[in-house]
Structure formats: C-alpha cells, structure tokens
Protein chains: 2
Amino acid sequence: MPTSKDVAALAGVSQSTVSYVMTGKRPISEKTRLRVEAAIEQLTYRPNAGARALASRKSQVIGLVIPITPEVHLGSIMEFVAVIAATARRFDHDVLLVTDQEGNQGLERVVGQQLCDGLILMQVQADDERIPVVRKLGVPVVFIGIPNDSTGLNCIDADFARAGELCVEEMAGAGHTNGVIIGWRPRLVGSRLNYVDRFLGGANAAAERLGVSLEHLPATSDRRSIEAAVDSCIAASQGMPAFVSPDVTVLELLPRILHEKGLEPGRDASVIGVGPVPDTMLALEETTILDIQPSLVSQHAVELLLRLMTADHPDAGGTLELIPPLVTHRHGTAGHSVPAPQSAS
Amino acid sequence: MPTSKDVAALAGVSQSTVSYVMTGKRPISEKTRLRVEAAIEQLTYRPNAGARALASRKSQVIGLVIPITPEVHLGSIMEFVAVIAATARRFDHDVLLVTDQEGNQGLERVVGQQLCDGLILMQVQADDERIPVVRKLGVPVVFIGIPNDSTGLNCIDADFARAGELCVEEMAGAGHTNGVIIGWRPRLVGSRLNYVDRFLGGANAAAERLGVSLEHLPATSDRRSIEAAVDSCIAASQGMPAFVSPDVTVLELLPRILHEKGLEPGRDASVIGVGPVPDTMLALEETTILDIQPSLVSQHAVELLLRLMTADHPDAGGTLELIPPLVTHRHGTAGHSVPAPQSAS
DNA sequence: AGTTGTAGTCGATACGCTTCAACGATACGT
DNA sequence: ACGTATCGTTGAAGCGTATCGACTACAACT
C-alpha cells in the first residue's frame, strides 16, 4: 500500500504538502497540486483511515444503532439502514453497525474507542434507557423516534400526529361523519414505542375538532372481525363508512368487503392506508395513501448529525424535527378521483 | 479520554506492559496484571481504535456489502445483516456497512483505506462483476451466494439444490406422483441470482429419479390462477396433489382452497413451504416447512471470514459451504402427523 | 527604501498504540 | 559454582497521517 510519503516522493514535494492537497486546509499552487494529484492517481493512493483518525481525531464514521427486537418489521429497519448508509457516503462518511443487543455498553464502547464521531439511534422509545447514557456521551447523537422528554436531545421522526390528523381531515373533507381506525398491533398501543399513540392522539384531536366520530380497533387479520367492523361502521355512518389502516392485509381486504356489500371505495366509502409504503401497497388502487417517508427521515437524520458534528459549539438546545407525511389520493377517498400525488404542507 | 499511558502511570508499570495485558501476547505476572486491570477499570480506559489499527495493521472490522437493488426483499437482507453484526461482535469485531451502489470502487476504497480486514458480499450473482476485483483485493472475502465459477473463492449459501430435492422426496415419501412448484418470482428464474435455478435443478433431478411428475408455475398472488393450478394438479394426481411454494401469500391461500375442494392437507394433500421463515409462516399449521436458515448462513459466513483472516497463509483453494435446509413437519405432508422439528442431514 | 502581508512550501512533532530487542531476575541443568 | 533457558518487564522505534510554526518569495502598501 502506498503512503502519502510515497506520493510526496513521486511528486517531488514534502509529505505535508500532500496532506494539504488532500484536505485543502492550506493554499496550494495549481502547478504542484496537479503534480500531487497525478502521483496520487498513479499510485492509487488512499489515505490510511487509522492514521488519519489518530492524527485528526475524526474517524469519518457514524455509528448506527439498530434494534434487534422482533417487535419491528425487519424490512422497515432495512430501509432506514440502506438510506442512512447511502446518505452518509454522499458526505464522505461511512457507517458502523452497532446492534442493540450490546445495549448501553455498545454505545460507550464505540464512542470510547473513537470508532465513530457520532451516533444515530433507531427505534427510540418513550422512556428510552439509553437517554441518560447518551446525555454524557460526548459525541453528537440523533434519535429516530421521539422520547417523552426530548429536551436537549436531537430527535427526528415521521410526524405521526399530523398523519392521524390528516386521515381524519380526509374523512371529514369527503363528507364522512364516522370512521374506523383498524389494524395497529395491539402490543404497540400504549407501549413504549409511542408512534401509534402519537398517531391516535392526532386523529382523535382532529375528530373532536371536526365532529367526526372515530372508533379504534386493534389489529386482526381475521376476516370476520373486519367484516363486523365494516358492518357497524356502515350502520353508524348511514352508508358512508371510512377506514384507516397501517396493515397491508387489512387494506387488501377492505375494498373487496366493501364491494361485496355494494359500496364503492372512492364514491360511497373511503379507505386510507398509513405507513411505510412497500410495493404491495402501491398496488392498492382504491386506497388513499399517507406515506410516512422513512427514507426522508433517514436522510434528514444523517444530515442533522453531520451538521452537529461539524458545529464547534457543543450542541445547544437540541432539535426536534418532524417529517410530514406524503398524501397520495388514488381513488381511495370519497370525492377525490384524481390519482395525482400531492404533498402535505 | 484516558490513554494507555495514563493506565500505565496509575498502575506503576510501563506503557508496553499495559499493551501486553490487553493483547495477552506476552506473559504477565498475576500481580501486575491485576493492578493494570484495576487501573483500566478505574479510568474506563478503551484503546483508541485508530491508533491500534495503525500500529497493528488490523482494524478489527469486517466490511459488509449490502445490495440496494429492489430485487430482493429488504426484510431478508436485514436478517443477514443483524446476525452478521451480532456474530462479528461475539468475536470482538465490528461491522462496516458498504452499499452496493458504490460498486467495485467501494470495495477498493474500504480495503485501500484499511477500514476493514475482510469483506462479506451478499447477494452474489452467477456472473458477478465484483469477482475479478475481489480476486486481487488482498484481503479475505466471503461470498454469500454461489457464482458460476467459484474456484479460489470462498462461498457460502443455503443448499437450494438440496432443498429442491428434499421437497420432492417429501412428496414421493407421502405417496404423491404429481407436484406443483408455485410462486418463485418469474424475474428470478433463469436470472443472475441463481438460487431459484439451483432449487429447481435439485427438484427436477429428484423428480426424475423418483418418478414424480413436476410442474412449475411462476409467482402469482392471483387467487384464480392458483385455483386453476390446484384443479389441474388434482386431476393429474388422482386426488392427491402436492404443492411447494416460497410465497407466504400462496401458502396461506392453498390450505383454504384445498379445504373448499374437500381435501385436507396432511391427509389427501401436501403443502410445503420453502425459504426464510418469517413469523407469519410459522402460523401456517398445515404446512411442512423447509427453512433455508439465513441466520445460520450468516453466522457461518462470519466464522469462515474470521478463520481466513487469522490464517497467515494467503488462502489456498477456496471454500464452498452449503447449509442444509431444516425440515419441519407440521401436518403439512400427507402421511406425517407429528409436528416435531427434524433436521435434514 | 522599508514595512507589512500573503501565498506556497517544508520540517518537525504529536496522535496512541503494537512490537521488537534487550535487560534483570529467577529457575534449571550439569 | 557456572552457563543456559525462561519469565516478566522495559525503552524505544515505528505505524501514516494532520497540523503547527517557520521560512521563502514576491506583491502591496507607506
């Protein structure tokens, strides 16, 4: 492996000049810069990461702490991971994977070893145990998820409250007076992963404000109980029911059930899907979709972290960034027939 | 951050002694070792990764190259990623994420910068473009997947050929003369991701050997075409049809369809599921399952890589390791009624 | 003319660790 | 008693980079 010394020799300059060419921290004449760059090219020189980290006290690596709990859908996590890695690269950083099963020790380890200059924590819980540790970690940390007490922390997440609100506004706008939210996993309701609660909170507030009566049913992939819910909603809504669900299976079933009962989604009934949007969901023609935009959340998380990392001042107050959901009307909501994507403000 | 010099001062020894205590590369007396360990504990000393890498020329990091292509189910990839990260930690290594979209440049970069001492490549294709680059990379590399020409390479994967064979053996053993394989994504058949072909190859060979007539249908989540397939199989098999599928949706549908036609899986018919086994699949009581064991593959990949990394000799011939599928009979196959897990030899 | 400033380069040092050669001390064999 | 291994420890020499201070040359002001 060639070193910067080899490059210097070949270019006929000192080693420090090579360094300044690479970092651009001192002015270098056009002439010598070209000579050095040619030498770098010719030797395919790449700066040794360890040496660079040692001397500069920056590793150019961000640590990504991933959850291992079976609570969460692996595919969704992977979407975050992939986008975070790709975004980090765009800013000349790499990503080190840290699994949750190492717990707080893992955080202290990677920071203590100076393996990375900053951390992104996924799947942050309302009363996350990692928070006290993070507070005195000494490197910038970005949370994906919103804990109860986020003062002084840097948090980012999809705006689930706004999503809930939007769902109800969609309903009300289409003339519904009655809606059913169906399909959040019961385990998650009221759990330490508070995004479901944030969603329900937003939905309930909007329902009260707009005079929509809202019912909430836990998840079930059982067709009969879904049908029962449909029936009761039809009865209560005088034949104009509206449904919201994060569950792909439920979303697939609903239009069929409605058709069988002589109702047509987009005319007499509304079906709204919420969540990360896999391909399967895009196939649901009769469903209005609220995309939670995980990739946008990931991207902003990286950008926020990098901003914190380059800030000389130790971070002041903390940050709270909520990414608004992206609404796509696709025949799903009564009264809307144009399948054009449309961003929520 | 305390350094090893601080530890040495506190323990009253030289800095090199601290190093030898950490690495164990020289004998140290019980007495001073305890003193040093106490000092380490007291200062919560952690060796600086960059300095260590620089001096020892080992980063204790393995690079994991993940595919970004939408071809592959993100959840499956994540399972590999999580297990690889966890296994690496068990052997005191960390994992650096490298996305495929950097291409060959990415491989050369992380190795050139000496960010990692070895690589695991996922999603290896039959004629993978990365192979020529890997051959002269200078660090050990383990492939997950089997390219056409694997000479001199270290490959590991689930034994899909054996899985195909086992499926047909299950059928034949249960007295079926007729089977349908249904549900591989058509895009993947004959594609550069050759595991589907390996599976079909094994299945066809076994079918010929055992006198089973085998049909192959591409994936479809459309209920009608599945029903048609069922009908034709019933007709051809004199009322004893057998089915194999990697698709959860298909596997959920099949028992229902069979029941409607008066056939009971486990008695008159057989349903066999193949693939990585998500929770949803475990709920399929009437299905025999061939688990492809992604986590075992991942684990062995890490162990193989670490073995290669510690071997002083540059790796000789290469390795080809196939992980046999794990068969679980669960009322799925006609003639078997005991739901006991059972390993394939 | 002298002073000040700036662009461009170099030499030397520090970063925190591993590792080698070398040393004293202790045990062993004859 | 002597040489000869072995154990336990040390000091010093790197590993490859970033960065600081210093130096030169030359332009731009007084």
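Focus: the protein's contact with DNA strand C
Link 1 in the chain: Near DNA strand C lie 30 residues; those nearest to it are A:T32, B:S4, B:Q15, B:Y20 and B:Y45.
Link 2 in the chain: A breakdown of the atoms of DNA strand C within 4 Å of the protein gives sugar and phosphate a share of 59%.
Link 3 in the chain: A distance of 3.3 Å separates a base oxygen of DNA strand C from a polar side-chain atom of A:S16.
Link 4 in the chain: Of the residues assigned to the surface near DNA strand C, the class counts are 12 nonpolar, 13 polar and five charged.

Digging into the domain arrangement of chain A
Residue and element names in this part refer to chain A.
Link 1 in the chain: If you check the domain split of chain A, you get domain 1 (4–47), domain 2 (61–158 + 295–322) and domain 3 (160–287 + 330–343).
Link 2 in the chain: Here domain 2 meets domain 3 over a buried area of about 1,000 Å², counting both sides, of which 39% is carbon and sulfur.
Link 3 in the chain: On the domain 2 side of the interface with domain 3, the three residues burying the most area are E71, Q125 and A158, jointly 45% of the side's total.
Link 4 in the chain: Where domain 2 touches domain 3, the interface holds two salt bridges.
Link 5 in the chain: R198 is the partner of D157 in a salt bridge, and the nearest nitrogen-oxygen pair spans 3.0 Å.
Link 6 in the chain: For the pair domain 2 and domain 3, the number of links is seven residue pairs in polar contact (both at pLDDT 80 or more).
Link 7 in the chain: Considering only residue class, the side of domain 2 that touches domain 3 consists of five nonpolar, five polar and four charged.

Some thoughts on the environment of A:Q114
Link 1 in the chain: Within the secondary structure layout, A:Q114 lies in the loop between α6 (103–112) and β3 (118–121).
Link 2 in the chain: With 38 residues separating them in the primary sequence, A:Q114 and A:S76 have C-alpha atoms 29 Å apart.

Here we look at the relation of the copies chain A and chain B
Link 1 in the chain: Turning chain A through 180 degrees and shifting it by 0.0 Å along the axis lays it on chain B, with an RMSD of 0.2 Å. A rotation of that kind, with that shift, is consistent with a two-fold axis.
Link 2 in the chain: A high fraction, 100%, of the interface residues of chain A reappear at the interface in chain B, so the copies pair face to face through one surface.

A closer look at the protein's contact with DNA strand D
Link 1 in the chain: As a structural note, the neighbourhood of DNA strand D is formed by 30 residues, with A:S4, A:Y20, A:R26, B:T17 and B:T32 the closest of them.
Link 2 in the chain: The sugar and phosphate moieties of DNA strand D supply 56% of its atoms located within 4 Å of the protein.
Link 3 in the chain: One of the side-chain nitrogen or oxygen atoms of B:R26 is found 2.8 Å away from a base oxygen of DNA strand D.
Link 4 in the chain: One nitrogen or oxygen atom from the side chain of B:T32 is found 3.0 Å from a phosphate oxygen belonging to DNA strand D.
Link 5 in the chain: Mapped onto the surface near DNA strand D, the elements with two or more residues apiece are α2 (15–23) and α4 (49–56) of chain A together with α2 (15–23) and α4 (49–56) of chain B.
Link 6 in the chain: Sorting elements by how many residues they give to the surface near DNA strand D places α2(A) first, with five residues.
Link 7 in the chain: Its residues assigned to classes, the surface near DNA strand D shows 11 nonpolar, 13 polar and six charged.

With respect to the sheet that holds strand β11 (residues 319–323) of chain B
Two strands in a sheet stick together by hydrogen bonds in their backbones, pointing the same way (parallel) or opposite ways (antiparallel).
Link 1 in the chain: Strand order across the open sheet formed by 12 strands is β11(A)-β5(A)-β4(A)-β3(A)-β1(A)-β2(A)-β2(B)-β1(B)-β3(B)-β4(B)-β5(B)-β11(B), with mixed pairing between neighbours. Both edges of this open sheet fall to β11 (319–323) of chain A together with β11 of chain B, since each of them pairs with a single strand only. For this sheet the average axis-to-axis angle between neighbouring strands, irrespective of direction, equals 20 degrees.
Link 2 in the chain: Bridging between strand β1 (residues 61–66) of chain A and strand β2 (residues 94–99) of chain A involves six bridges; their strand directions are parallel. Paired with A:G63 across the strands is A:L96, a residue of β2(A).

Some points on the nonpolar core
For soluble globular proteins, nonpolar side chains are generally found buried alongside one another.
Link 1 in the chain: Counting 104 residues, the largest nonpolar core has A:I120, A:F199, B:I120 and B:F199 as the members making the most contacts within it.
Link 2 in the chain: Excluding its chain neighbours within four sequence positions, the residues that come into contact with B:F199 are B:F160, B:A161, B:A163, B:G164, B:C167, B:I181, B:W184, B:V244 and B:V274.
Link 3 in the chain: Core analysis: the second largest hydrophobic core is formed by 46 residues, A:L115, A:L119, A:I146 and B:L153 among them.

Structural notes on the pairing of strand β4 (residues 141–144) of chain B
Residue and element names in this part refer to chain B.
Link 1 in the chain: What you see with β4 is no split at all: V141 and F143 on one side and V142 and I144 on the other are buried throughout.
Link 2 in the chain: Crossover handedness for the path strand β3 (residues 118–121) to helix α7 (residues 130–135) to β4: right-handed.
Link 3 in the chain: Here β4 pairs with strand β5 (residues 154–158) via three bridges, running parallel. The residue of β5 that forms the bridge with F143 is C155.

As for the interface of chain A and chain B
Link 1 in the chain: The interface is formed by 34 residues belonging to chain A together with 34 residues belonging to chain B.
Link 2 in the chain: A combined buried area of about 3,400 Å² lies between chain A and chain B, and 66% of that area is made up of carbon and sulfur atoms.
Link 3 in the chain: Along the contact surface separating chain A from chain B lie four salt bridges.
Link 4 in the chain: The partner of B:E102 in a salt bridge is A:R89, and the shortest N-O contact between them spans 3.2 Å.
Link 5 in the chain: Summed over the shared surface of chain A and chain B, the result is 10 residue pairs in polar contact (both at pLDDT 80 or more).
Link 6 in the chain: Listing elements by their share of the side of chain A that touches chain B, those giving two or more residues are α4, α5 (74–90), β2 and α6 of chain A.
Link 7 in the chain: Here the side of chain A that touches chain B gets 10 residues from one element, more than from any other, and that element is α5(A).
Link 8 in the chain: In the side of chain A that touches chain B, the residues fall into 19 nonpolar, eight polar and seven charged.
Link 9 in the chain: Sheet topology note: the β2(A)/strand β2 (residues 94–99) of chain B ladder contains three bridges and is antiparallel. By the bridge assignment for β2(B), A:L97 is matched with B:V95.

The rules behind these values
- Residues numbered from 1 in each chain as written.
- Chains lettered and ligands numbered in written order.
- Predicted model: local features only at pLDDT ≥ 70, side-chain atom pairs only at ≥ 80, totals over all residues.
- Heavy atoms only, no water.
- Near = heavy atom within 4 Å.
- Polar contact = N/O pair within 3.5 Å; in protein donor to acceptor, adjacent residues only side chain to side chain.
- Nonpolar A, V, L, I, M, F, W, Y, C, P; charged D, E, K, R; others polar.
- Domains from an automatic or database assignment.
- Buried area = accessible area lost by both parts, 1.4 Å probe.
- Salt bridge = Lys/Arg side-chain N within 4 Å of Asp/Glu carboxyl O.
- Helix = DSSP H or I, 4+ residues; strand = E, 2+ residues; numbered from the N terminus.
- Least-squares fit on C-alpha atoms with pLDDT ≥ 70 in both.
- Contact = heavy atoms within 4.5 Å.
- Pairing = 2+ DSSP bridges.
- Axes fitted to C-alpha atoms, helices over the stretch in contact; angles between N-to-C directions.
- Core = buried A, V, L, I, M, F, W, Y, C linked by side-chain atoms within 4.5 Å.
- Buried < 20%, exposed > 50% of the residue type's maximum accessible area, 1.4 Å probe, protein only.
- Right-handed = clockwise from strand over helix to strand, strands pointing away.

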